[in-house]
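Each chain, written out:
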Amino acid sequence: MITREPHIFDPPANVFAAAGRGIIMACQGTGQALLLLLGAAAQTPHLFSRKNRDDVMRQLYLVGIKSLGVVSVVALFTGMILALQAGLELRRYGQENNIGTLVCVSMLREMGPFMTGLVIAASVGSAIAAQMGTMTVAEEIAALDVMSINPLRYLMMPRLVALAVMLPLLTVYTNLLGIFGGAIVGATQLGVSLEAYFDNAFRYAENKDLYVGLFKAFLFGLIVVTVACHQGFAATEGAVGVGRATRRTVIVSFLLILVVGYFVTRMFYQ
Amino acid sequence: MIRFENVTKRFGAKTVLDGLSFEIEKGETFVVVGTSGAGKSVSLRHMIRLLTPDAGRVWVGDDCVNEAGGKKLERILGRFGVLFQSGALLQWLNVEDNVCLPLRQKSKRPDGEIRRLAAEKLALVGLEGVGDKTPDNISGGMRKRVGLARAIVTEPEIILYDEPTSGLDPVISRQIDLLIDDLRKKLGVTSVVVTHDLYSALYVGTRVAMLHEGKFVVCAPPEEFVASEHPIVRDFLQAQSIADMHDVRKAFGK
Ligand SMILES: Nc1ncnc2c1ncn2[C@@H]1O[C@H](COP(=O)(O)OP(=O)(O)O)[C@@H](O)[C@H]1O
Ligand SMILES: [Mg+2]
């Protein structure tokens, strides 16, 4: 059962007790969130079962197709900013031809997964948290528990699959658009021809750059869905609690995406 | 069928249930009344493990609910149908799919049969032809009745009702009461109803219990309940201007 008993504590005796309790609650929350992730992952074999495949399809559609618009704009401008910013500096040394490499490698390794992760955390993650939170406070999760319909299988698994599959795919799309955006800026603002740009872009980029980026995107997908479901299922006290769950989801996902992104890069490029 | 053994439940410093003990027989309609915040919903939630007691035990048949887990808990919960206070329908499914949900997810029956059973239950609660509306597009009273159809679609032995008539207009309220009574008479289900509507309580109940400060101050068949001299019960009866069973029957046109 996902429905949990409320924890009610006496007010802390002093500031140390409050800090200690904060730390314990944070550890407890992390443990609960990881258990949710494992529980939902254990349900993925039911992916294609008659009972679940419609929900999986709907979530794939919602995450993948519905996010395309905003992801496109973010991707294009990320590439354009990278090209412009770096190109203006490089031009001083007559090196503007190298913006192709710079944009391509930054997009693949860092900016592609990072920007896609942030956009999805803010749009899809917050929506999942709000929906799960509303369902929790309206007793809908309790109703599923009582009908022995496992919310991890029925609700979380389709979202987990959708994000774990779609975030890497969206990242590929972001990368392509970003590199393309860089090419436009190169051609129109910096006088770098399209041939020179793409030639330079693909000469120095490695397959490893792409794979590391996609691995990051996959991790970001797990982070967003886990944080959103954990916060949503833990919502209390009506609309206020739903708002709190949504806000925390965005904040915690952003922080984790930043920190995890850094450590993955460090792990693969040292 | 359902037995509470010295069940105590506290939230922080507040003791909501205080050593509550009672037993509900098979085929009974047991009604718990009390002011709002008395702990009626809390007592109901103990029967289905949404809450566990701080002390004492809750039995369903021969199984202790608060100690069961896994498959055993699933089997115990399978005996229940629950109508939640707000209906607890899933917003993205239409009315028909909501009613079909427990069978689709938990049984291996063919879809045609599931839809037939759902239509049957929707007709029973007086909601024919609204199957393709979404929960947003129907009134609160209809949502509650859809919730009831979903609760009974698995043909449970025990049905729990949390405030089945609150927020409904009097006509629909009386319809729901008649339905609860019918389910007992025709199918012999055991019901537990939580309400603050005394007309409803006295009409459907085979026994009515008044929850006050964590205990039942009176627990008796309706005729005895209205005649009770307990001051809390008298206040409650007076507040809803009920002097005897005659008033109740009159409200139901009998
Ligand atoms: N999850 C909870 N956390 C804290 N207090 C609760 C919780 N559920 C119920 N209570 C408290 O228990 C008391 C009884 O609640 P409830 O059973 O919902 O009342 P009612 O009789 O109106 O259904 C209330 O005072 C409420 O504040
Ligand atoms: Mg209540």
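Residues numbered from 1 in each chain as written. Chains lettered and ligands numbered in written order. Predicted model: local features only at pLDDT ≥ 70, side-chain atom pairs only at ≥ 80, totals over all residues. Heavy atoms only, no water.

Undergrad: Would you explain the confidence of the model for chain A in this entry?
TA: One rule of thumb: low pLDDT means the predicted coordinates there are not for detailed reading. Summary statistics for chain A give a mean pLDDT of 92 and a share of 100% for residues scoring 70 or more. Taking the mean pLDDT of every element in chain A, the minimum, 88, falls on helix 7 (residues 194-204) of chain A and the maximum, 95, on helix 8 (residues 207-233) of chain A. (pLDDT = per-residue confidence, 0-100. Helix = DSSP H or I, 4+ residues; strand = E, 2+ residues; numbered from the N terminus.)

Undergrad: Please clarify how the domain arrangement of chain B should be interpreted in this entry.
TA: Often, the extent of an interface is quoted as the loss of accessible area upon association of its parts. Residues and elements named next belong to chain B. As far as domains go, chain B holds domain 1 (2-79 + 159-251) and domain 2 (90-155). Computed from C-alpha atoms alone, the centre-to-centre distance between domain 1 and domain 2 is 25 Å. Contact residues are listed per partner, giving 12 residues for domain 1 and nine residues for domain 2. The junction of domain 1 with domain 2 conceals about 810 Å² of combined surface from both sides, 73% of it contributed by carbon and sulfur atoms. Sorting the residues of domain 1 by area buried against domain 2 places Leu168, Ile176 and Leu179 first, and these three jointly supply 42% of that buried surface. Where domain 1 touches domain 2, the interface holds one salt bridge. Glutamate 74 serves as the salt-bridge partner of lysine 106, at 3.3 Å between the closest nitrogen and oxygen. (Domains from an automatic or database assignment. Contact = heavy atoms within 4.5 Å. Buried area = accessible area lost by both parts, 1.4 Å probe. Salt bridge = Lys/Arg side-chain N within 4 Å of Asp/Glu carboxyl O.)

Undergrad: Mind showing me how you'd approach the packing of aromatic side chains here?
TA: Two aromatic rings, taken as a pair, are described by how far apart their centres are and by the angle between their planes. Residues and elements named next belong to chain B. Under the criterion given, the structure shown has nine aromatic pairs over all chains. Here the aromatic rings of phenylalanine 22 and phenylalanine 30 are separated by 5.2 Å at their centres, their planes lie at 0°, and the arrangement is stacked. You'll find phenylalanine 22 and phenylalanine 30 in the same group, each marked buried. Aromatic side chains phenylalanine 30 and phenylalanine 216 sit 6.0 Å apart centroid to centroid with 50° between the ring planes, which places their arrangement in the tilted category. Residue phenylalanine 30 is located in strand 3 (residues 29-33), and its partner phenylalanine 216 is located in strand 10 (residues 215-220); the two are separated by 186 residues in the primary sequence. Pair check on accessibility: phenylalanine 30 and phenylalanine 216 agree, each one buried. (Phe/Tyr/Trp six-rings, centres within 6.5 Å; stacked < 30°, edge-to-face > 60°. Buried < 20%, exposed > 50% of the residue type's maximum accessible area, 1.4 Å probe, protein only.)

Undergrad: Sorry if this is basic, but what is going on with the interface of chain A and chain B here?
TA: With 24 residues of chain A in contact, the opposing surface of chain B contributes 30 residues. With both chains or domains summed, chain A and chain B bury close to 2300 Å², and 60% of this area falls on carbon and sulfur atoms. Area buried by chain A at its contact with chain B is led by Glu5, Glu139 and Val146 of chain A, which between them contribute 24% of it. Between the two partners, chain A and chain B, sit one salt bridge. Joining chain A to chain B, the criterion identifies three residue pairs in polar contact (both at pLDDT 80 or more). Breaking the side of chain A that touches chain B down by element, the ones donating at least two residues are helix 2 (53-64), helix 4 (99-137), helix 5 (140-146) and helix 6 (151-190) of chain A. It is helix 5 of chain A that provides the largest number of residues to the side of chain A that touches chain B, a total of six residues. Classifying every residue of the side of chain A that touches chain B gives 13 nonpolar, three polar and eight charged. (Polar contact = N/O pair within 3.5 Å; in protein donor to acceptor, adjacent residues only side chain to side chain. Nonpolar A, V, L, I, M, F, W, Y, C, P; charged D, E, K, R; others polar.)

Undergrad: Mind showing me how you'd approach the packing of helix 1 (residues 15-42) of chain A against helix 6 of chain A here?
TA: To characterise two packed helices, one gives the angle between the axes of the helices and the distance between these axes. Residues and elements named next belong to chain A. Following both chains from N to C, one finds helix 1 and helix 6 inclined at 90°, their axes separated by 8 Å at the closest point. Classified by the interaxial angle, the pair formed by helix 1 and helix 6 is roughly perpendicular. Contacts from Leu36, Leu37, Gly39, Ala40 and Ala41 of helix 1 reach helix 6 at Leu152, Met156, Met157 and Leu160. Taken together, the residues of the contact of helix 1 with helix 6 sort by class into eight nonpolar, one polar and no charged. (Axes fitted to C-alpha atoms, helices over the stretch in contact; angles between N-to-C directions. Parallel < 35°, antiparallel > 145°, perpendicular 65-115°, else oblique.)

Undergrad: Looking at this model, I keep getting lost on the pairing of strand 3 of chain B. Mind explaining?
TA: Remark: a regular strand shows side chains that alternate across the two faces of the sheet. All names here are of chain B. With five of five residues buried, strand 3 lies mostly within the body of the structure. Alignment of strand 3 against strand 8 (residues 190-195), held across five bridges, turns out to be parallel. Pairing of threonine 29 across the sheet is with serine 191, part of strand 8. As judged from the four bridges shared by strand 3 and strand 9 (residues 207-212), these two strands associate in the parallel manner. By the bridge assignment, valine 33 is partnered in strand 9 with methionine 210. (Pairing = 2+ DSSP bridges.)

Undergrad: I would appreciate a short explanation of the site of ligand 1 in the present structure.
TA: Taken together, 13 residues are adjacent to ligand 1, and Gly37, Gly39, Lys40, Ser41 and Val42 of chain B come closest. Close to ligand 1, residues of chains A and B are found. For ligand 1, an oxygen atom lies 2.7 Å from a polar atom in the backbone of glycine 37 of chain B. Computed on the free molecule, ligand 1 has an accessible area of 560 Å², of which 65% lies beneath the protein chains in the complex. Looking at the shell around ligand 1, the element that brings in the most residues is helix 1 (residues 40-47) of chain B, giving three residues. (Near = heavy atom within 4 Å. Areas by Shrake-Rupley, 256 points an atom, 1.4 Å probe, with all protein chains shown as cover.)

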